[in-house]
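# Descriptive analysis of the structure
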Amino acid sequence: MADAPIAPPLSTSRMLWRGFWRRCPLCGSTGCFRTWFDKEERCPRCNFPLKREEGHWIGALGMNTVVTFGLLALTLLVGFALTWEERRALPIFLSAFLVAGLTPVLFFGSSQTLWSAIDLAMRPLEPDDDVDPRWIPQPHRRN
Ligand SMILES: [Zn+2]
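Position numbers for residues count from 1 along each chain, tracking the sequence in the order it is written. Predicted model: local features are reported for residues with pLDDT of at least 70 only, side-chain atom pairs are reported and counted for 80 or more only, and whole-chain, interface and lining totals are derived from all residues. Each side-chain value is derived from all of the structure's non-hydrogen atoms; neither hydrogens nor water enter the calculation.

As a further point, take the environment of Phe107. By secondary structure assignment, the location of Phe107 is in the loop between helix 3 (90–106) and helix 4 (108–122). Given a relative accessible area of 10%, Phe107 falls into the buried group. Along the primary structure Phe107 and Met63 are separated by 44 residues, whereas in three dimensions their C-alpha atoms are 9.5 Å apart. We call two residues in contact when some of their heavy atoms are within 4.5 Å. With near-sequence residues (within four places) excluded, Phe107 lies in contact with Phe20, Met63, Asn64, Val67 and Leu114. Numbered from the N terminus, helices here are DSSP runs of H or I no shorter than four residues, and strands are runs of E no shorter than two. Exposure classes here rest on a 1.4 Å probe applied to the protein chains alone. A residue is buried below 20% of its type maximum, exposed above 50%, and partly exposed in between.

Right under this line is the structure:
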């Protein structure tokens, strides 16, 4: 039967895993981005809207900021711990600038799809999302 649902039950961890790897949280498609920074409005495979409401990307921006500052703090702590005896600031500054400059760029796409995954986990699909019915996950059975 062509219209039979093919999507298995979708766990939160699977959605987050897919989101972290810049994939569609609903179907796992890799086509959510045209370029590193330019994302599609909807998943090309399942039609899941990556932006489900106005202001959606504020969460992704916040998450990117938290991850960047977290890694920066970790870099500074490890840098201080490793160079404590030598008292050299240059390696710490260089590594901190590198982390502060690269993390927001490298994590940009992941923060977008990860936030979509968090949104999907907190707010299940609605008819307005207009998702391809073949990708609507089956509900979990409770025995
Ligand atoms: Zn999809």
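Let's shift gears to the nonpolar core. Joining through side-chain atoms within 4.5 Å is the link that ties buried Ala, Val, Leu, Ile, Met, Phe, Trp, Tyr and Cys residues into a set, and such a set is a nonpolar core. Residues Cys24, Leu26, Cys46 and Phe48 are the most contacted members of the largest nonpolar core, which totals 15 residues. Not counting chain neighbours up to four residues away, the residues in contact with Leu26 comprise Leu10, Arg18, Cys46, Phe48, Leu120, Leu125, Val131, Trp135 and Pro137.

Because no water is among the atoms considered, metal sites can look incomplete, with donors defined as N, O and S atoms within 2.8 Å of the metal, or 3.2 Å for Na, K and Ca. The coordination sphere of the zinc ion, as far as protein atoms go, consists of Cys24 (SG), Cys27 (SG), Cys43 (SG) and Cys46 (SG), spread over 2.2 to 2.3 Å. Square planar and octahedral assignments, for four and six donors respectively, both demand that opposite donors be over 155 degrees apart and that all other angles lie between 65 and 115; tetrahedral needs four donors with all angles between 85 and 135 degrees, and anything else is irregular. Coordination at the zinc ion is tetrahedral: its four donor atoms span angles of 104 to 114° at the metal. Read from N- to C-terminus, the donor residues coordinating the zinc ion fall into the pattern C-x2-C-x15-C-x2-C. Assigned by exposure class, Cys24 and Cys27 land together as buried.

For Arg18, the location among the structural elements is in helix 1 (residues 12–20). In this count, Lys and Arg are taken as positive residues and Asp and Glu as negative ones, while His and the chain termini are left out. Whenever Lys or Arg places a side-chain nitrogen within 4 Å of a carboxyl oxygen from Asp or Glu, that contact is recorded as a salt bridge. For the buried Arg18, no salt bridge is present, and the opposite-charge side chain at shortest range is Asp132, 13 Å distant. Among all residues touching Arg18, those that are not within four sequence positions of it are Leu10, Arg23, Cys24, Pro25, Leu26, Cys27 and Gly28.

At a minimum axis distance of 9 Å, the contact between helix 2 (residues 56–82) and helix 3 shows a crossing angle of 165°. In this view, helix 2 runs roughly antiparallel relative to helix 3, as classed from their interaxial angle. Between helix 2 and helix 3 the crossing geometry is right-handed. Contacts between helix 2 and helix 3 pair Asn64, Val67, Thr68, Leu71, Leu72, Thr75, Leu76, Gly79 and Phe80 from the former with Ile92, Ser95, Ala96, Val99, Ala100, Thr103 and Pro104 from the latter. Under the convention adopted here, Pro, Cys and the residues Ala, Val, Leu, Ile, Met, Phe, Trp and Tyr are nonpolar, Asp, Glu, Lys and Arg are charged, and Gly plus all remaining residues are polar. The class makeup of the residues in the contact of helix 2 with helix 3 is ten nonpolar, six polar and no charged. Lines fitted to C-alpha atoms define the axes, with helix axes restricted to the stretch in contact, and inter-axis angles between N-to-C directions lie between 0 and 180 degrees. Note on terminology: angles under 35 degrees are roughly parallel, angles over 145 are roughly antiparallel, angles of 65 to 115 are roughly perpendicular, and the others are oblique. Helix crossings get a hand from a simple test, with the near helix turned counterclockwise from the far one by less than a right angle marking a left-handed crossing and a clockwise turn marking a right-handed one.

Think of it this way: a Phe, Tyr or Trp ring, Trp meaning its six-membered ring, pairs with another when their centres are within 6.5 Å, and the plane angle makes it stacked under 30 degrees, edge-to-face over 60, tilted otherwise. Following the criterion strictly, the structure yields four aromatic pairs and no others. Through pairs of rings, three or more aromatic residues link up here, namely Trp17, Phe20, Trp21 and Phe107. Whether a charge lies above a ring is judged from NZ of Lys or CZ of Arg, which has to be within 6 Å of the ring centre and within 35 degrees of the ring normal. When the ring centre of Trp57 is taken as origin, the NZ or CZ atom of Lys39, which lies over that ring, is 4.8 Å away. Over the ring of Trp84 we find Arg87; its NZ or CZ atom is 5.0 Å from the centre of that ring.

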